[in-house]
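Below, each chain spelled out in residue letters.
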Amino acid sequence: MTNRTPALALALLTLASLAVAGTAELQVVHNAADPAAATVDIYVNGEPFLDDFAFRDATPFIEVPAGVELAIGVAPGDSEGPGDILATIPVTLADNRRYVAVANGVLDPSAFAPNPDGRSIGFTLFAEDGIRTRTFNGLVKLKTLHGASDAPAVDIKVNTAWGDLTLWHGLAYGDFGSDRTVLAREYELVVTPAGSDAVVATFDADLRGLSGGAAVVIASGFLDPAANQNGAGFALIAVLPDGTVAELPLQNALARVQIIHNSPDPAAAEVDVYVNGEPFLDDFAFRTATPFVNVPAGVELVLGIAPGTSNGPEDILAEFPVTLANDQTYTVTATGVLDPAAFAPNPEGRDTGFTLAIREGVRERGLIRRVVVQAYHGSPDAPSVDVRRILRGNDRLLIDGFGFGEFQGPAYLWPRQYTLDVTLPGQPDAVVASYAADLRGLAGGAGMVFASGFLDPAANQNGAAFGLFVALPDGTVIALPAAGDDNDLRFQDKAGELPERLAAGQNYPNPFNPRTTISYALPREGAVRLQIFNVRGQLVRTLVDGVQSAGNHEVVFDGERLASGSYVYRLTAGGETVTRRMMLVK
């Protein structure tokens with residue numbers, strides 16, 4: 001805990017000037033899980049009392065004036081004076097009594113999930129007197145507070161040699177429980193809905209070091225962070241008389257996590273990953289992934305990213321605190337670039353700075369005979385796109401308009417051979433790139449498809465070019481090959497039969513530098529024209545202009561003298577026209 005002695009001493013000298021009948025002892029705890037109140041300043045009667053007071057932090061017990069009204073003001077952590085106070089709560093303490101005051105609730109209740117028992121969740125102080133700080137050796141004195149605003153009334157039980165014993169019954173939000181005295185031993189504290197055996201959570205409570213002492217056990221955070229502005233998850237914290245706050249570990253609480261390295265910044269080609277300062281992944285390479293692994297849930301994990309040559313946690317470049325939910329499955333994707341100013345901006349103005357993109361509820365397994373496909377857009381200089389899947393000429397939208405930094409899915413596919421077209425949103429013929437996806441060996445499995453690299457490497461420190469990759473649950477990463485004449489499923493011959501319709505396959509490779517092959521099919525002999533246009537509609541080159549026989553044809557296009565960018569090729573024959581898009585990347 002932060003040493004607050006100088007600030008408290010100054011405040012107490014100011015308060016001592018009051019004409020008072022006596023003193024009381026007061027401990028203040030910050031348990032307001034509203035992210036907007038993560039750090040606050042506390043004023044008493046307009047004078048600074050606590051500076052940068054953090055969520056789940058506490059003061060020791062200190063002497064304060066009794067018998068007079070104390071106006072306790074709460075202000076943002078960057079406040080400059082009492083003029084910034086957001087809420088003022090008056091309290092009057094009795095002489096020679098000992099209190100705990102817990103800042104709790106949220107600043108704007110309408111922006112959070114309501115309390116299921118109808119209790120007010122507005123920001124306030126929950127105060128209780130008669131707090132004990134000592135007891136007999138071999139014992140521990142416990143008091144509790146229900147401070148989780150979206151949780152119903154609960155029972156808190158403790159395991160004993162004679163079975164579970166209910167320490168506190170029917171505690172609703174804002175309620176303090178009566179004092180309970182237990183032996184200084186190791187326990188499991190089991191939280192259940194009031195009157196129910198359904199377990200909300202089980203926590204390990206090691207009280208062996210508290211013999212002769214006391215603690216206030218507080219239910220903290222949100223049962224459903226996603227419905228509460230992604231505030232802190234539910235926990236039990238133990239507040240000791242000296243101001244120490246200990247978060248009780250969830251018993252056997254585990255989450256499943258896969259980490260994918262998808263930052264195309266050449267400076268981050270290999271990174272080391274640390275968790276809470278300890279080495280976790282060494283020389284973790286771009287476009288590689290871990291298998292899904294078990295990690296602790298319900299506690300804060302600080303993921304640190306360092307260069308691949310790091311010698312220890314002192315070399316960490318960026319840290320990302322995460323708290324994972326018990327029994328949930330996550331993908332954590334390293335994405336973006338270290339210095340956005342040194343790279344091409346995202347065309348939609350999205351932030352491309354290096355970060356960890358986290359997706360909860362990721363599937364490790366599919367349905368019987370189906371493949372679960374989830375997707376992440378991780379190409380910093382690419383616009384929002386659609387992904388369409390083509391199977392035997394049947395074209396359907398698979399992923400609808402997602403931009404850099406966004407996840408989509410899941411989608412459930414049959415284990416077949418597909419072509420995946422990456423197109424501009426709502427423009428199925430505006431193909432940015434096309435890939436072959438063979439899912440025939442993945443029945444009952446799953447994969448995370450991620451767009452990776454740069455559309456224009458030359459404008460991005462010659463980083464890796466755009467591509468689609470799939471991370472499988474075992475950590476295997478597969479690069480999807482560009483769809484070409486050998487694997488394009490739109491117009492393959494059937495036992496030597498002539499094509500039934502005019503068709504143009506996606507050029508292969510795509511993106512390309514500087515040459516690519518364009519394949520097309522003619523159902524009958526006739527005049528054919530194949531032309532290349534830039535995105536402004538200007539004719540760049542005519543590749544074919546003459547009579548050709550029915551069947552499959554191909555032509556090589558050389559873009560050596562053209563600038564990087566998007567181009568369109570247009571095939572015209574028999575009064576029909578087919579248009580496709582391709583990408584030249586130098």
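A short tour of the structure in this document, coming up. Note that the structure is predicted; figures quoted are calculated from it, not measured.

Conventions adopted
- Residues numbered from 1 in each chain as written.
- Predicted model: local features only at pLDDT ≥ 70, side-chain atom pairs only at ≥ 80, totals over all residues.
- Heavy atoms only, no water.
- Helix = DSSP H or I, 4+ residues; strand = E, 2+ residues; numbered from the N terminus.
- Rg over C-alpha atoms; globule rule 2.2 N^0.38 Å.
- Buried < 20%, exposed > 50% of the residue type's maximum accessible area, 1.4 Å probe, protein only.
- Contact = heavy atoms within 4.5 Å.
- Areas by Shrake-Rupley, 256 points an atom, 1.4 Å probe, with all protein chains shown as cover.
- Lys, Arg positive; Asp, Glu negative; His and termini not counted.
- Charge placed at Lys NZ, Arg CZ, Asp CG, Glu CD.
- Core = buried A, V, L, I, M, F, W, Y, C linked by side-chain atoms within 4.5 Å.
- Pairing = 2+ DSSP bridges.
- Axes fitted to C-alpha atoms, helices over the stretch in contact; angles between N-to-C directions.
- Salt bridge = Lys/Arg side-chain N within 4 Å of Asp/Glu carboxyl O.
- Polar contact = N/O pair within 3.5 Å; in protein donor to acceptor, adjacent residues only side chain to side chain.
- Phe/Tyr/Trp six-rings, centres within 6.5 Å; stacked < 30°, edge-to-face > 60°.
- Lys NZ or Arg CZ within 6 Å of the ring centre and 35° of its normal.
- Patch = residues over 30% accessible without salt bridge, like charges linked within 9 Å, V, L, I, M, F, W, Y side chains within 5 Å.

A separate point is the overall build of the protein chain. Along the backbone of the protein chain there are one helix and 42 strands. For 586 residues, the compact-globule estimate of 2.2 N^0.38 gives 25 Å, and the protein chain exceeds it by more than 25% at 32 Å. Viewed in the frame of its principal axes, the protein chain has a C-alpha envelope of about 105 × 55 × 50 Å. In the protein chain, which comprises 586 residues, the proportion classed as buried is 53%. Expressed as a percentage of contacts within the protein chain between residues at least 6 apart in sequence, the contacts between residues at least 24 apart total 67%. For the protein chain, the exposed area adds up to about 25900 Å²; of that, 49% sits on carbon and sulfur atoms. The protein chain carries 40 positive and 68 negative side-chain charges, and their two centres are separated by 10 Å.

On to the nonpolar core, then. Formed by 32 residues in total, the largest nonpolar core has its most connected members in Leu398, Leu420, Tyr435, Leu468 and Leu480. At the level of secondary structure, the elements contributing two or more residues to this core comprise strand 27 (371–377), strand 28 (385–391), strand 29 (394–402), strand 30 (407–413), strand 31 (417–424), strand 32 (427–438), strand 33 (446–452) and strand 34 (467–471). The element best represented in this core is strand 32, accounting for five residues. Contacts of Leu480, omitting those with residues within four sequence positions, involve Leu420, Tyr435, Ala436, Ala437, Leu468 and Val470. If you look at the next biggest cluster of nonpolar residues, it comprises 29 residues, including Leu171, Ala184, Val191 and Phe234.

This brings us to the sheet that holds strand 6 (residues 69–76). Spatially, the four strands line up as an open sheet ordered 3-2-6-7, and their pairing is antiparallel. Here the strands that pair on one side only, and so sit at the sheet edges, are strand 3 (47–54) and strand 7 (87–92). Within this sheet the neighbouring strands show an average axis-to-axis angle of 25°, counted without direction. Alignment of strand 2 (residues 39–44) against strand 6, held across five bridges, turns out to be antiparallel.

Moving on: the sheet that holds strand 20 (residues 270–275). Ordered by their spatial adjacency, four strands build an open sheet running 21-20-23-24, and the pairing between neighbours is antiparallel. One side of each edge strand has no neighbouring strand; the edge strands of this open sheet are strand 21 (278–285) and strand 24 (318–323). Within the sheet, the average angular offset between the axes of one strand and its neighbour, ignoring direction, is 25°. Across five bridges, the pairing between strand 20 and strand 23 (residues 300–307) is antiparallel. Residue pairing in the sheet places Val275 in a bridge with Leu303 of strand 23.

The next point concerns the side chain of Arg287. For Arg287, the location among the structural elements is in the loop between strand 21 and strand 22 (293–296). Asp381 provides the closest opposite charge to the buried, salt-bridge-free Arg287, at an N-O distance of 9.6 Å. Here Ala465 takes part through its backbone oxygen, which lies 2.8 Å from a polar atom of the side chain of Arg287. Sequence-distant contacts of Arg287, defined by excluding residues within four places in its chain, comprise His261, Phe450, Ser452, Gly453, Ala464, Ala465, Gly467, Phe469 and Val477.

A complete count under the given rule lists eight aromatic pairs for this structure. For the ring pair Phe112 and Phe222, a centre distance of 5.9 Å and an interplane angle of 20° mean the geometry is stacked. With Phe112 in the loop between strand 8 (98–104) and strand 9 (124–129) and Phe222 in the loop between strand 16 (213–220) and strand 17 (235–239), this pair connects stretches of sequence that are 110 residues apart. For Phe112, a relative accessible area of 7% corresponds to the buried category. Seen from the ring of Trp414, Arg370 lies directly overhead, with NZ or CZ sitting 3.8 Å from the centre. Positioned above the aromatic ring of Phe533, the side-chain terminus of Arg570 is 4.4 Å from the ring centre.

Let's shift gears to a negative patch on the surface. A cluster of like negative charges, contributed by Asp51, Asp52, Asp78, Glu80 and Asp84, occupies part of the molecular surface. Along the chain, Asp51 falls in strand 3. Residue class for Asp51 comes out partly exposed when judged on its relative accessible area of 46%.

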